[in-house]
Each structure stands twice: as C-alpha cells, then as structure tokens.
Amino acid sequence: MNGAKHRFALGLTCFFLVCLTVVYPFLLYTPNAFITSWREWYIETAMGTMTHQWLATWFIPGDIIEEVMAKRYQLNQKQAGIQSSWFDSFSTEEQTAATPEEQFYQTFSELDRDSFETFLENNPEYLENGYEHIDIDLIGDDMTRKNYKTGIRTTQGDTVLAINAEHGILIAEVVGEDSLGMEFAGKVALCKRPENIFVGTCEGLFDYGSYVSEMVSRYDAILGINASGFADYEGNGTGGLPYGFLKSEGETLQAPVGDGWKIIGFDEENHLQIGEFSDTSNLRDGVEFHPALIINGENLVAGSGLSDQQPRTAIGQAEDGTVIMLVVDGRQFHSFGISIERCGEIMERYGAYQASMLDGGSSSVMVYNGREITSPTTLSQNPEGRYLPDAFLVR
C-alpha cells in the first residue's frame, strides 16, 4: 500500500515538474496562433476585471501582460479628443401614416412586419385595444433563458421578446459566439422616445447605492440599465459614490474626472453626446465612462483585436433618435460574456450613430416591467445585481 502511495506521489511530482518546465513555458511563449489567441483572451479577460486580475498577474510575466494590454492603450489613444457632433435634428421622416397600424410600423421600423403579422394572427388578443396599446412581454422570469422562439424578429434577425407601443419600447434577444467560439446572450432595448430617457440616482447618493430595480421603482420608470462606475476601494464600496461626471434631470451632482474618460449624456434636444466636454451646461443628464464605441458614425473599436469577454452594458443612439440599450450577461454557463469589439458590431447593426460602453462586470443589468430580465453575475449570486449609484431610466 505504501509503495503504491509513493509511486503515485512520484508520478504526480514528475507530472508537475514537466508542466512547470515544459508545458508552462510553451503556453507562455509559443507563437502558435491557436494557443496565442487563447492566451491573449485569458489575459484580457482577467485584466478586464476589477477583482480577478490576479488570475493573470500571479502566473504570467508582466512583459507578456503589457504586450497584450497594449491594444487597449492604442484604443484609448485613437479616441483622444474625439466627441459627438449632431449637425442636424434627427432624420425622422414626416409621420404621415394614415392609420394607427401604419404609425405603429413607422415607429418600430426595425420590426419584421411579416413575422409580426403572423404572430398577431395567432395571438389576436394583443390587438384588442388597437395598435396604439400593443403590450407584449414574452420574456418570462428565467433570466438565464436564451434562444427564445417567439416567432417575431427584427429586420436585423434577432428574436423580439417585448413591445410596448405606449412607451415606444422594443426589446430583442441578442445571442451569438464571440472570441474563440464562446457563446454570449443578452438583451437589446430600442427606445423610440429619447425625451423620456434620463439618469436616475440611488436614494443614498454619495453614501450607499441601490439596485437598478429600486431606482426604476423610485422614478416610476418602465426600463432601466446600469450607468456609471463607482468607487469600490479594496472591494468595500457601498455603490453610492459614482466615479466621474454625474448630472440628473438638469442638476450637476459631480464634476468629470477626464483623463480619457468620456461624458455620456443627453442634451436638451435629446441627442446622445459622447466626449470629453469642458462645457456640460447643455446636457440635461449624463454620466462618465469609457471607451466610446461609435462616434459620428465611425466604429472606433472595429479591428481593435480586443477579445476579452465580460458582462457588458452599452448605450447608443441612431440618427432617427432611437436609443439603443444593450446588456449582455457574462461569467455564466449560458453566456461567457462579450467583447467590446462585438458590442460595437451590435450597435452598428442597429444603426447607432453615437455609442459608448457603460459600466460592466457585476454591475450589468437590465430591468423591465418591474423585474430583472438579464442575469447579473455577482459573488453573492444576487439576481438583483449590485448596489449602484445611478442608472439610465426610461419613463
């Protein structure tokens, strides 16, 4: 018996030494394209977190990490000084629809009409109060569910999960594969009334935070997503102290930090403005984060090579005024997360003229109709997510 134990211990020791002296250096330094992709993905994903960077720094030399992270530095350099410009009012065509039905389809131009009319034929109860009052919510309570089969599609090919005509909201599922074939799943909300979108704050601002669902309830909103980051010193933050610029319903609550961070907010004409603005007097609501995804129609993150998959939140606006809110789950079996580059692709697919990342990671969450419809990834596995200082809300 003792001999068997000794042989097992010797074999385990030899295996460990081989891994340490042969496999480990090979994985670190081989130019093999497949292994290099996985190595870069691992480093970017670990370094893209606030609390799990040790997964890279404990095992990987600093020069290798710096070489990989140089792509993020180059992205920041590319964005220096750039900011939004809206030369004209929204390019909304004259709303000349003769009937409520045509008005509905004009408003929700991303809705695939054939698939929706088939849905209505099979579910006529949704038309009982007319097109002006269509209210469809097929999301359910399982936040990790994906690959819905509602039968309704957007013209971009995504499955439609909810439509609220009175509030001008359409929500679709976004699923796919990101880096190295890793799957992601999330929700994109198309909000047709930018005048109804604003920044709401937690009740204990600068002291303690609130769940996004609590802020949605506090402001009597129907939809909300997390917005800015917050001070989280040594992981002990209460979520109440926002990081960077904060303006809510015309009141400036905190000054910007700058240093490459972008102010993201709506002006008095309901345009989404993104940039390092020295004068924020024309903004009615805004927060501060980075990086920008699309500025003045130019995708700034395309070809960046950044492949780290994280939970993400982003906001954008099309030229017709439609506000695009994107939240993708991550660090879970149903969704590993999504890269910044892929976020830019989704925003571009929905016609974003301006778009930017918001806080991500454990903060990412979308709330609709009084409950979370995405799955936050927190250490406590709390379905409501984290305590946060503010949120973009839709009334």
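Structure first, text after, so check above.
Criteria and thresholds
Residues numbered from 1 in each chain as written. Predicted model: local features only at pLDDT ≥ 70, side-chain atom pairs only at ≥ 80, totals over all residues. Heavy atoms only, no water. Buried < 20%, exposed > 50% of the residue type's maximum accessible area, 1.4 Å probe, protein only. Helix = DSSP H or I, 4+ residues; strand = E, 2+ residues; numbered from the N terminus. Arc of directions from axis to C-beta. Contact = heavy atoms within 4.5 Å. Pairing = 2+ DSSP bridges. Axes fitted to C-alpha atoms, helices over the stretch in contact; angles between N-to-C directions. Parallel < 35°, antiparallel > 145°, perpendicular 65-115°, else oblique. Left-handed = near helix turned anticlockwise from the far one by under 90°. Phe/Tyr/Trp six-rings, centres within 6.5 Å; stacked < 30°, edge-to-face > 60°. Lys NZ or Arg CZ within 6 Å of the ring centre and 35° of its normal. 1 Å grid on protein atoms, 1.4 Å probe; cavity = no way out; pocket = protein on both sides within 12 Å on 5 of 7 lines; lining within 4 Å. Points joined across faces, edges and corners; volume = space filled by probe spheres on them. Nonpolar A, V, L, I, M, F, W, Y, C, P; charged D, E, K, R; others polar. Salt bridge = Lys/Arg side-chain N within 4 Å of Asp/Glu carboxyl O.

Which parts of the structure should I look at to understand helix H6 (residues 113-122)?
In an α-helix, one turn spans 3.6 residues, which is why side chains three or four residues apart end up on the same side. Taken residue by residue, H6 has Ser115, Phe116, Phe119 and Leu120 as its buried positions. End-on view of H6: buried residues confined to an arc of 135 degrees, all on one side of the axis. More than 90 degrees from the buried face of H6, the exposed residues found are Asp114, Glu121 and Asn122. Looking at the buried side of H6, the elements it contacts are helix H5 (100-107), strand E1 (135-137) and strand E2 (160-164).

Where do I start with the sheet that holds strand E4 (residues 183-191) in this structure?
Strands belonging to one sheet form pairs held by backbone hydrogen bonds; the direction of such a pair is parallel or antiparallel. Strand order across the open sheet formed by nine strands is E1-E2-E3-E4-E15-E14-E16-E12-E13, with antiparallel pairing between neighbours. The strands lining the two open edges of the sheet, one partner per strand, are E1 and strand E13 (298-299). Bridge count for strand E14 (residues 312-318) against strand E16 (residues 352-357) is five bridges, and the pairing is antiparallel. Paired with Ala314 across the bridge in E16 is Met357. Docked against the sheet, helix H8 (residues 340-349) engages strand E3 (169-177), E4, strand E12 (292-295), E13, E14, strand E15 (323-328) and E16, running at close to 35 degrees with respect to E12.

Honestly, the pairing of strand E8 (residues 251-254) in this entry has me stumped. Any pointers?
The two faces of a sheet get side chains in turn, since along a regular strand they alternate between them. Taken together, the three bridges between strand E7 (residues 246-248) and E8 define a ladder with antiparallel strand orientation. Across the sheet, residue Ser248 finds its bridge partner in E8, namely Glu251. The turn linking E7 back onto E8 is made up of two residues, and Glu249 within it adopts a positive phi angle of 50 degrees.

Please explain the packing of H5 against H6 as it appears in this structure.
Think of two packed helices as two axes; the pair is described by the angle between the axes and how far apart they sit. Relative to each other, H5 and H6 sit at 130 degrees, their axes nearing to 12 Å. By the angle between their axes, H5 is oblique relative to H6. Two packed elements cross with a definite hand, and for H5 against H6 that hand is right-handed. Side by side, H5 and H6 meet where Glu101, Glu102, Phe104 and Tyr105 of the first sit next to Arg113, Phe116 and Glu117 of the second.

In this structure, what is going on with the packing of aromatic side chains? I would like to understand it.
Working definition: an aromatic ring pair is given by the centre-to-centre distance plus the angle between the planes. Applying the stated rule across the entire model yields 14 aromatic pairs. Residues Trp261 and Phe289 carry aromatic rings whose centres are separated by 5.2 Å and whose planes lie at 85 degrees to one another, so their mutual orientation is edge-to-face. Here the residue Trp261 occupies a position in the loop between E8 and strand E9 (262-267), and Phe289 occupies one in strand E11 (residues 283-289), the gap between them amounting to 28 residues. Accessibility expressed as a relative area gives 19% for Trp261, which makes it buried. Judged by its relative accessible area of 13%, Phe289 is buried. Among the aromatic residues, ring-to-ring pairing joins Phe104, Tyr105, Phe108, Phe116, Phe119, Tyr126 and Tyr131 into one connected group. Between Arg113 and the ring centre of Tyr105, over which it is positioned, the NZ or CZ distance is 4.1 Å. Between the NZ or CZ atom of Arg395 and the centre of the ring of Phe198, over which it lies, the distance is 4.0 Å.

In this structure, what is going on with empty space enclosed by the protein? I would like to understand it.
Summed over the entire model, instances satisfying the criterion amount to one cavity of 30 Å³ or more. Its volume calculated, the largest cavity comes out at about 30 Å³. When its residues are assigned to classes, the lining of the largest cavity shows two nonpolar, two polar and five charged.

Would you explain the pattern of salt bridges in this entry?
One side chain can pair with another of opposite charge once the charged atoms of both are near each other. Applying the stated rule across the entire model yields 13 salt bridges. The salt bridge involving Asp112 is made with Arg153; its shortest N-O contact spans 3.3 Å. Of this pair, Asp112 sits in the loop between H5 and H6 while Arg153 sits in the loop between E1 and E2, and the two are 41 residues apart along the sequence. According to the relative accessible area criterion, Asp112 is buried, its value standing at 18%. When its relative accessible area of 40% is taken as the criterion, Arg153 is described as partly exposed. Here Glu249 ties to Arg395 by a salt bridge, and the two come within 3.1 Å at their closest N and O atoms.

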